[in-house]
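Reading the structure
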Amino acid sequence: MDRTASETHQTARRWSVRVRVAMLAAGCWGLCSTGVLEAVAAELPVKVFVLAGQSNMEGKAPNTLLDAQAVAPATEPFYAAYRDGDAWAVREDVFIAYGDRHGPLTIGYGSPNRTGPELGFGTMLGDALDEPVLLIKTAWGGHSLVKDFRSPSSGLPSEASLEEELAKAQERVRKDNEKNGRDEPLPTMDDITSGYGRSYRRMLTEVEQVMENAGELFPAMADRDLELAGFVWFQGWNDQYGGESEYAANMERFVRDVRKDLASPGLPFVIAAMGQHGSQPVKGAMEVVQQAQLSMNAVPDFQGNLLAIRTDTLVDQAAESLYPKWREHQSLWQQTGGDHPYHYLGSGIWLTRIGQAMAEAMLELHDPSPLFAYVGTFSSPLGDVLPTQVDLPPGNGRGIHCFRVNRQTGGLRSIGTFDLGTSPSSLVINADGTRLYSANETDRVGDAGHGTVSSYAIDRQTGMLTMLNTVSSKAAGPTYVSLHPAGRHLLVANYFGGAITVVPLEEDGRLAEASDVQAPEGEIGPTTATNAPPGSFAFSGHDRTHAHMVEATPDGRFVFHVDLGLDRIFVWAFDEEAGTLEPAATPWIALPPGDGPRHFDLHPNGRWFYSIQEEGATVALYDFDAATGSLTHRLTWPTVPPGFSGSTFCSEILLSADGRHLYAGNRLHDTIALFSVEEEGVLVYQGEEWSRGNYPRSFSLDPTGRFLTCCNQRSDNLAIFAIDEASGRPVFTGQFVPVGNPSCVVFLETAAGAE
C-alpha cells in the first residue's frame, strides 16, 4: 500500500542518519588526481546516484544492436570505452540496481534485453571518480509528472478536475462491464487520488530499500559508507498530453520535494530535457515541455546545483536518416536502430551519448571551481576592405560565446553568449581572471573608420560577462590583443591600419584613451613568397602594412610585433610608466620577402623565439637576447609535409607549457602540424592532424595542457582534441561544438592553485 507524504518524510529522516550527503568539493571527486592508493580507496564512501524517469530512462536500445555496432568498423570506435577485448566490460567499480536486477555495470540494465543511458553515465563517472559508484534506477514507462510522479507540494488537481476524471473512469468501467458482461465495481474518488504521486512514492521506497540493503545486494559494499551524490531526471513524453501547461511548476516543486524527502537540500540535480525530435524542429506541446525543463536553469536558487541539458543535439544521425524507410531496410535497421522516435529510435549511440552528457553535467555540478572558455568570433561581415583581402568571413558568430569546460573530456557546454554587432575576433583575460578584453575587428568609428577594443567584467561563479566600456583602437581592423605582464596596459595590433596601439587600463579594468600608436613604414614584400610550396597561389597581405600580432616579453621590458605586409618582426622597448614604445637597439629583423610573418611564440626558457609565416608556410627559429631585445635567425622549417604542393595559409603557432612540443596551423590544407622541440630549440616534424573542419584559424591548449580546442572558422565549429602526453599528438575526441566563424578561444581557471 502507498505511503503518505508524511510517512515518506519520516522515513527519509530515519535512514538519512547513515547516509552522508555528498560534499561539493573537487578533492572528494578525484578531479585533481589520477588515482589513490588501494588502502585509501578502500575507505572512500560509495557515491550513490538516482536515475529516475520513464521509458527512455529505462532504456530501449536492443542489446543485439549494441553487439552488432561494437564490431562494425564505422561504430566500433564509439563503443571502445565500453568493451574489454571482444566482450562487454563489466565494471568492478560501478554497480547498479534496477528493479529485481542488480550487479556490476555492463550492458542490459534497460528494459528486458535492452540498454539505456546508465551505460554511458556510469562508465564516465567510474572513469572520473576514485570512489566506487552505485546507480539506483527507478523508471517506469508511460508515467507523467502531472500525475504519476507528482510530488507532495504540487498537491492534487482541482476538485472539478478530479470529478471530471472520476466520471470518465467510471464511464470506461461501465462500458467495459456492458460489453463483456462483467460487474466490476466503479472507481471511487480514493482510487483517483491515490494515483497521484504513486510513482514518486515508489521511487523513494526503492531508493531507501537499495541503500539500506546495499551490503547484501553488493558484497563489495559491505560496511561501506554511502553518500547520496546526485539525482538525474529523464522524462517528459506523457506530459505532452494534458500536462504541458503546468510542467514547469510541477518540475520545480519536484526538485524541491526530492531534496526534502532525501534529506539533501543541495543535492546535485541533472535534468535531461526532451529531445526525441532530434534535428527536426520542435513544436507544439513537446516544445512546451522541453522549454519548461530547460527553464529550471534560470531558477535562482537552483543556480550551481542543477543543470538541465539538451538531448536533441546528441542525435544519432545515421538512425534518424534511416528511420523513415526502416521497413524497407529491416536488416540494415537492426544494425542502426531499434525502436520508434519516442524511444530515441532505440539508438544505442543516442542513448549512450545522453548518458555521457548526464555524467558530464553531474561532474560539473560537483566542481566548485569552474573552468570557463570564451570564444571570439566574426559576428558581422568584413566590410569596406581592400580588394586583395582573401579572408571574408560572413559574420556567422553572435559575439563572445561563453562555455563551461568539462575537465575530464575537454567538452564545452554553452552557458550563453555576449551578443555583439561587431566581431570580437581576439580575446585576452587578465591575470586574476576578473576582466576580459576584446578586439572588435569590424567596428568602424569616427571619420577615420578606426576599430575599437572593449573591456568586460567576468562573474567568476557563472562565467558571464558585463561590458565595462569601449574605446577606439586608433587604427582600422584591430585583430589581436594582449596584456602587458604588469597588467596596466592593453596592446593592440590593427591589421588594416598597420599600427600597434597601447591602451592604459583604469584601476577597475576599464580602458582609457590610447597612450601610444606606432605605425612603422617600409617596403612592401612581393606577392609570391620566397618559401611558398610549389604551385602556391597564397597571397593575402602583401599590398600594404598589416600588423598581425603584438605581445610583450614575460618581464615586460620588450614588445614584439609582426607586420605581414612588411615581412618584418619589430622589437620595441616599453616604458611602463608612460605607456609608450621606443625602437629597441635592433628595431626590426627582416624575413624572406613575401613569406608574411603572422604569429609568434616565445619558448618557456625565454631564449628561443618561433615565428610562423602565413604565405611562406614556414616556422622560423630565432635566438632571443633578453638583455638587448635582439633576435638572431637560426633555422626554418616548412609546416606542410614533404611533397606537398598547392596553396596553404598558415595561422596559429603554439608551444606546449613544458616547451616540448610546437603546433602550427595550416588553413586550406586544414591541418595542425606537430613538431617536437629538441636540443637547442631545433624542431623535428612529427606529422600532422586533420583539424576536422575548414580553415583552422587558431587553437589553444586548456590550462592543464590535456586538451586542444581548434577554431575552424569556415566550417563554423570547434573541434576538441586530447593531447597524448608522451608524443604531444592531438587525438580527436569526437567532440564538435557549433560556433559561427570562431576566431580564437581563451580559458579561465577559477580553481585556487590550479596550473
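One can find the structure itself at the top, above this paragraph.
Read on for a plain summary of the structure. (Residues numbered from 1 in each chain as written. Predicted model: local features only at pLDDT ≥ 70, side-chain atom pairs only at ≥ 80, totals over all residues. Heavy atoms only, no water.)

1. Side note on the overall build of the protein
Within the protein one finds 15 helices and 39 strands. Its C-alpha atoms give the protein a radius of gyration of 30 Å, within 12% of the compact-globule value 27 Å for 755 residues. Across its three principal directions, the C-alpha atoms of the protein cover 100 × 55 × 55 Å. Residues classed as buried in the protein amount to 59% of the 755 residues present. Counting contacts in the protein only where the partners sit at least 6 residues apart, residues at least 24 apart contribute 62% of the total. By element, 51% of the accessible surface of the protein is carried by carbon and sulfur atoms, the whole surface being about 30300 Å². Side chains of the protein give 56 positive and 95 negative charges; the mean places of these two sets differ by 7 Å. (Helix = DSSP H or I, 4+ residues; strand = E, 2+ residues; numbered from the N terminus. Rg over C-alpha atoms; globule rule 2.2 N^0.38 Å. Buried < 20%, exposed > 50% of the residue type's maximum accessible area, 1.4 Å probe, protein only. Contact = heavy atoms within 4.5 Å. Areas by Shrake-Rupley, 256 points an atom, 1.4 Å probe, with all protein chains shown as cover. Lys, Arg positive; Asp, Glu negative; His and termini not counted. Charge placed at Lys NZ, Arg CZ, Asp CG, Glu CD.)

2. So, the nonpolar core
Phe-49, Phe-121 and Met-358 are the most contacted members of the largest nonpolar core, which has 50 residues in total. A total of 11 residues in this core trace back to one element, the largest contributor, which is helix α15 (residues 348-365). Grouped together as the second largest cluster of nonpolar side chains are 45 residues, Met-203, Ile-271, Met-296 and Phe-302 included. (Core = buried A, V, L, I, M, F, W, Y, C linked by side-chain atoms within 4.5 Å.)

3. Description of the pairing of strand β21 (residues 499-504)
Among the six residues that make up β21, six are buried, leaving the element largely enclosed by the rest of the structure. Burial of β21 is two-sided: the residues Ala-499, Thr-501 and Val-503 facing one way and the residues Ile-500, Val-502 and Pro-504 facing the other way are all buried. Pairing between strand β20 (residues 489-494) and β21: six bridges, direction antiparallel. Within the sheet, the bridge partner assigned to His-489 lies in β21 and is Pro-504. With three bridges joining them, β21 and strand β22 (residues 516-518) adopt antiparallel strand pairing. When the sheet's bridge partners are listed, Val-502 is paired in β22 with Asp-516. (Pairing = 2+ DSSP bridges.)

4. A short note on the packing of aromatic side chains
Following the criterion strictly, the structure yields 29 aromatic pairs and no others. Pairing Phe-95 with Phe-218 gives two aromatic rings, centres 5.7 Å apart and planes at 55°, and the pair type is tilted. With Phe-95 in strand β5 (residues 94-98) and Phe-218 in the loop between α10 (214-217) and β9 (226-234), the pair connects residues that are 123 residues apart, well separated along the chain. Taking relative accessible area as the criterion, Phe-218 reaches 3% and is therefore assigned buried. Centre to centre, the rings of Trp-326 and Trp-333 are 6.5 Å apart; their planes meet at 40°, and the pair counts as tilted. Summarising the burial analysis for this pair, Trp-326 and Trp-333 share the class buried. The rings of Trp-140, Phe-149, Tyr-200, Phe-231, Trp-233, Phe-254 and Phe-269 are connected pair by pair, giving a single aromatic cluster. Looking at Lys-137, its charged tip hangs above the ring of Tyr-98, at a distance of 4.5 Å from the centre. (Phe/Tyr/Trp six-rings, centres within 6.5 Å; stacked < 30°, edge-to-face > 60°. Lys NZ or Arg CZ within 6 Å of the ring centre and 35° of its normal.)

5. Focus on the pattern of salt bridges
Applying the stated criterion to the full structure yields 29 salt bridges. A salt bridge links Arg-413 to Glu-364; its shortest N-O distance comes to 2.3 Å. Of this pair, Arg-413 sits in strand β14 (residues 412-419) while Glu-364 sits in helix α15, placing them 49 residues apart in sequence. Here Arg-413 falls in the partly exposed class, since its relative accessible area comes to 25%. Among the salt bridges present, the one from Asp-419 reaches Arg-398, with a minimum N-O distance of 2.9 Å. Of the two residues, Asp-419 sits in strand β14 while Arg-398 sits in the loop between β12 (371-377) and β13 (399-405), which places them 21 residues apart along the sequence. Judged by its relative accessible area of 46%, Asp-419 is partly exposed. (Salt bridge = Lys/Arg side-chain N within 4 Å of Asp/Glu carboxyl O.)

6. As for the packing of helix α9 (residues 198-212) against helix α11 (residues 247-261)
For the pair α9 and α11, the least separation of the axes is 12 Å and the interaxial angle reads 35°. The way α9 lies across α11 gives a crossing that is right-handed. Listed contacts from α11 to Tyr-200, Met-203 and Leu-204 of α9 are Phe-254, Asp-257, Val-258 and Asp-261. (Axes fitted to C-alpha atoms, helices over the stretch in contact; angles between N-to-C directions. Left-handed = near helix turned anticlockwise from the far one by under 90°.)

7. Considering the sheet that holds strand β33 (residues 671-677)
On the basis of which strands lie adjacent, the open sheet formed by four strands has the order β31-β32-β33-β34 and antiparallel pairing. Unpaired on one side and paired on the other, β31 (649-655) and β34 (683-690) mark the two borders of the sheet. Across the sheet, the mean angle separating the axes of adjacent strands is 20° when strand polarity is ignored.

8. Details of the sheet that holds β13
Within a sheet, each strand pairs with its neighbour through backbone hydrogen bonds, oriented either parallel or antiparallel. In space, the four strands of this open sheet follow the order β14-β13-β12-β39, with antiparallel pairing throughout. Unpaired on one side and paired on the other, β14 and β39 (742-749) mark the two borders of the sheet. Within the sheet, the average angular offset between the axes of one strand and its neighbour, ignoring direction, is 25°. Relative to β39, β12 runs antiparallel, the two sharing seven bridges. Bridge pairing links Tyr-374 to Val-746 in β39.

9. Re the environment of Glu-246
Within the element layout of this structure, Glu-246 appears in the loop between β9 and α11. The sequence separation of Glu-246 and Ala-292 amounts to 46 residues, and the corresponding C-alpha distance is 8.8 Å. The residues contacting Glu-246, other than those within four sequence positions of it, are Val-146 and Arg-150.

10. Comments concerning the side chain of Thr-618
For Thr-618, the location among the structural elements is in strand β29 (residues 618-624). Overall, Thr-618 belongs to the buried group, its relative accessible area being 4%. Once you skip the residues sitting within four places of it in the chain, Thr-618 turns out to touch Asn-531, Asp-595, Ser-611, Ile-612, Gln-613, Thr-636, Trp-637, Pro-638, Thr-639 and Cys-650.

Read these as geometric descriptors, not functional statements.
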